[in-house]
Amino acid sequence: MTEINVIVTGPEEAYDYEAEFWRASELMGVTLLHEGRLHLRIDPRPDGSPWLADVASLARALVEAEERLAAY
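Residues numbered from 1 in each chain as written. Predicted model: local features only at pLDDT ≥ 70, side-chain atom pairs only at ≥ 80, totals over all residues. Heavy atoms only, no water.

**What to know about the nonpolar core**
Move 1: Grouped together as the largest cluster of nonpolar side chains are 12 residues: Ile-4, Val-6, Val-8, Ala-14, Ala-19, Phe-21, Met-28, Trp-51, Leu-58, Ala-61, Ala-65 and Leu-69.
Move 2: Secondary-structure elements contributing two or more residues to this core are β1 (4-7) and α2 (55-71).
Move 3: The element best represented in this core is α2, accounting for 4 residues. (Core = buried A, V, L, I, M, F, W, Y, C linked by side-chain atoms within 4.5 Å. Buried < 20%, exposed > 50% of the residue type's maximum accessible area, 1.4 Å probe, protein only. Helix = DSSP H or I, 4+ residues; strand = E, 2+ residues; numbered from the N terminus.)

Below you can see the structure in the form of structure tokens.
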């Protein structure tokens, strides 16, 4: 299982509600504010194959992203 990690690169990105979700060395998706709610945008992989995300790791990463963004 590859852990999903959350990165908030700085205050400007946090202000825009942007947190990055990384799986190993690949950017999996980013958060964004849409209609007043935080959403996760998952972009396609460069090779076109689908993402396979462990649900427990993804759930933890989503909570962590929300907490980190709120801290700014």
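**A few points about α2**
Move 1: Compared with an ideal rise of 1.5 Å per residue, which puts 17 residues at 24 Å, α2 spans 24 Å between its outermost C-alpha atoms and is within 8% of the ideal.
Move 2: Of the residues making up α2, those classed as buried are Ser-57, Leu-58, Ala-61, Ala-65 and Leu-69. Down the axis, α2 shows its buried residues gathered within 95 degrees of arc, on one side only. The outward face of α2, more than 90 degrees from its buried face, is lined by the exposed residues Val-55, Ala-56, Glu-67, Ala-70 and Ala-71.
Move 3: Considering only its buried residues, α2 is in contact with β1, α1 (11-15), β2 (20-23), β3 (26-34) and β4 (37-42). (Expected span 1.5 Å × (residues − 1). Arc of directions from axis to C-beta. Contact = heavy atoms within 4.5 Å.)

**As for the environment of Gly-29**
Move 1: Summarising the element assignment, Gly-29 is placed in strand β3.
Move 2: The spatial distance from the C-alpha of Gly-29 to the C-alpha of Glu-12 is 18 Å, given a sequence separation of 17 residues.
Move 3: For Gly-29, the residues in contact, after removing those within four places along its chain, are Ala-19, Glu-20, Phe-21, Leu-40, Arg-41 and Ile-42.

**Examining the pattern of salt bridges**
Move 1: Applying the stated criterion across every chain, the model contains 6 salt bridges.
Move 2: Residue Arg-60 pairs with Glu-3 through a salt bridge whose shortest N-O separation is 2.9 Å. Of this pair, Arg-60 sits in helix α2 while Glu-3 sits in the segment before β1, and the two are 57 residues apart along the sequence.
Move 3: Residue Arg-60 is classed as partly exposed on the basis of its relative accessible area of 30%. (Salt bridge = Lys/Arg side-chain N within 4 Å of Asp/Glu carboxyl O.)

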